[in-house]
Amino acid sequence: MPSTSPSTTAPTSTAAERGRPTPGPSATTSPHAYDAGLLLLRLALGLTMAAHGSQKLFGWFGGGGLDGTGQFFTMSGYPAGDAMAVVAGLTETFGGLALAAGLLTPLAAVAILGTMVNALAVTWGGGFFAPKGSEYELLLTAGAAALALTGPGRYAVDRFLPVLRAHRLAYGAAAVLVGLVTAGVILLLRK
């Protein structure tokens, strides 16, 4: 006659039922707080980048437009400065707007990340602090990478896209890798 031990016949219980803390946010933290924080970060970073892009494309907000930005790229050692101005302007404007909306968030974030890695390369020799330093570019780069890794939160257009509804760390990590490789290729073209 087989014997049954109490451990095999007793029902299993969850960590919460045993009085142990459960992983994840505490019961007093609203999941909406995280989503609101991600929304604020997306809006601030995305709209800032869209404004920078419109400076390059249209000369808005005191920007140089395509001609002035193209000359800057040429002076900074990039080939085809006018083409680089168009690429940077479009990337910043549309990447920023998509990031603010939470649309294709991993791709929008790394569009900004790639652009900002190149901006870091241009400002790197000026020290850390403004006006010639790189702290601003570094902060924008880190924010974009963070959003690519975390995803947009619930208050985003991505929530309506079946493939991106459930953000995965792998999506963000792959996007960051693609952004860094692309930025590196562009930097190799720089004199």
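In short, a report on the structure. What you see is a predicted model; the values in this text were computed from it and never measured. Within any chain, residue numbers begin from 1 and follow the written order of that chain's sequence. Per-residue local features are limited, in this predicted model, to residues with pLDDT of at least 70; the limit for side-chain atom pairs, both in listing and counting, is 80 or more; totals at the level of whole chains, interfaces and linings are taken over all residues. Excluded from the side-chain calculation are hydrogens and water; included are all heavy atoms of the structure.

For the rest of this paragraph, the subject is the overall build of the chain. When its secondary structure is counted, the chain shows seven helices and zero strands. Evaluated residue by residue, the chain yields a buried proportion of 35% over its 191 residues. If you sum the accessible surface of the chain, you get close to 11300 Å²; carbon and sulfur atoms cover 71% of it. We count a stretch as a helix when DSSP gives it H or I for four or more residues in a row; a strand needs E for two or more, and each element gets its number in order from the N terminus. Exposure classes here rest on a 1.4 Å probe applied to the protein chains alone. A residue is buried below 20% of its type maximum, exposed above 50%, and partly exposed in between. To be clear on the numbers: accessible area is Shrake-Rupley with a 1.4 Å probe, and residue cover counts the displayed protein chains and nothing else.

Because each turn of an α-helix spans 3.6 residues, side chains separated by three or four positions end up pointing in the same direction. The end-to-end C-alpha distance of helix H5 (residues 105-123), which contains 19 residues, comes to 26 Å, matching closely the 27 Å that a straight helix rising 1.5 Å per residue would cover. Burial within H5 is extensive, with 14 of its 19 residues counted as buried. Multiplying 1.5 Å by the residue count of a helix minus one yields the expected span of that helix.

Here we take up the nonpolar core. If you look at the biggest cluster of nonpolar residues, it comprises 20 residues, and the most contacted ones within it are Leu 45, Met 49, Leu 99, Ile 112, Leu 113 and Leu 147. Sorting the residues of this core by element identifies helix H2 (31-58), helix H4 (81-101), H5, helix H6 (135-150) and helix H7 (169-189) as the ones contributing at least two each. Here a residue-residue contact requires only that any non-hydrogen atoms of the pair lie within 4.5 Å. In contact with Leu 113, other than residues within four places in its own chain, are Thr 141, Ala 144, Ala 145, Val 176, Gly 179 and Leu 180. Joining through side-chain atoms within 4.5 Å is the link that ties buried Ala, Val, Leu, Ile, Met, Phe, Trp, Tyr and Cys residues into a set, and such a set is a nonpolar core. Counting five residues, the second-largest nonpolar core is a separate cluster that includes Phe 73, Tyr 78, Met 84 and Ala 88.

Before going further, it helps to examine the packing of H6 against H7. Where H6 meets H7, the axes come as close as 6 Å, and the angle between the chain directions of the two elements is 145°. Note on element contacts: H7 touches H6 through Leu 169, Gly 172, Ala 173 and Val 176, opposite Ala 145, Ala 148 and Leu 149. A fitted line through C-alpha atoms serves as each axis, taken over the contacting stretch for helices, and the angle formed by two N-to-C directions is quoted from 0 to 180°.

A few words now on the environment of Ala 36. Of note, Ala 36 is situated in helix H2. Note on Ala 36: relative accessible area 38%, which makes it partly exposed.

Moving on to the pattern of salt bridges. Every case where a carboxyl oxygen of Asp or Glu lies within 4 Å of a side-chain nitrogen of Lys or Arg is listed as a salt bridge. Across all of its chains, the model carries two salt bridges by this definition. Put simply, Asp 35 and Arg 154 hold a salt bridge, and the shortest N to O gap is 3.3 Å. Here the residue Asp 35 occupies a position in helix H2, and Arg 154 occupies one in the loop between H6 and H7, the gap between them amounting to 119 residues.

With that settled, consider a nonpolar patch on the surface. Where nonpolar side chains cluster on the molecular surface, the patch consists of Leu 43, Leu 47, Leu 66, Val 86, Leu 90, Phe 94 and Leu 97 and spans about 570 Å² of accessible area. Secondary structure elements with two or more residues in the nonpolar patch: H2 and H4. At four residues, H4 tops the list of elements feeding residues into the nonpolar patch. Topologically, Val 86 is positioned in helix H4. Residues form patches when they are more than 30% accessible in relative terms and have no salt bridge. Like charges link within 9 Å. Nonpolar side chains (Val, Leu, Ile, Met, Phe, Trp, Tyr) link within 5 Å.

On to H6, then. Relative to the 22 Å expected for 16 residues at 1.5 Å per residue, H6 spans 22 Å between its end C-alpha atoms, a close match to the ideal helical length. Looking only at H6, the buried set comprises Glu 137, Leu 140, Thr 141, Gly 143, Ala 144, Ala 145, Leu 147 and Ala 148. Those residues of H6 hidden inside the fold are in contact with H2, H4, H5 and H7. Just downstream of H6, Gly 151 is the residue with a positive phi angle, here 90°.

What follows deals with unusual backbone geometry. Here Ala 80, not a glycine, exhibits a phi torsion of approximately 50°, which is positive. Locating Ala 80 in the fold gives a position in the loop between helix H3 (65-75) and H4. Given the relative accessible area of 54%, Ala 80 is considered exposed. If you check the backbone angles, Leu 104 has positive phi at about 50° while not being a glycine. A relative accessible area of 39% means that Leu 104 is categorised as partly exposed.

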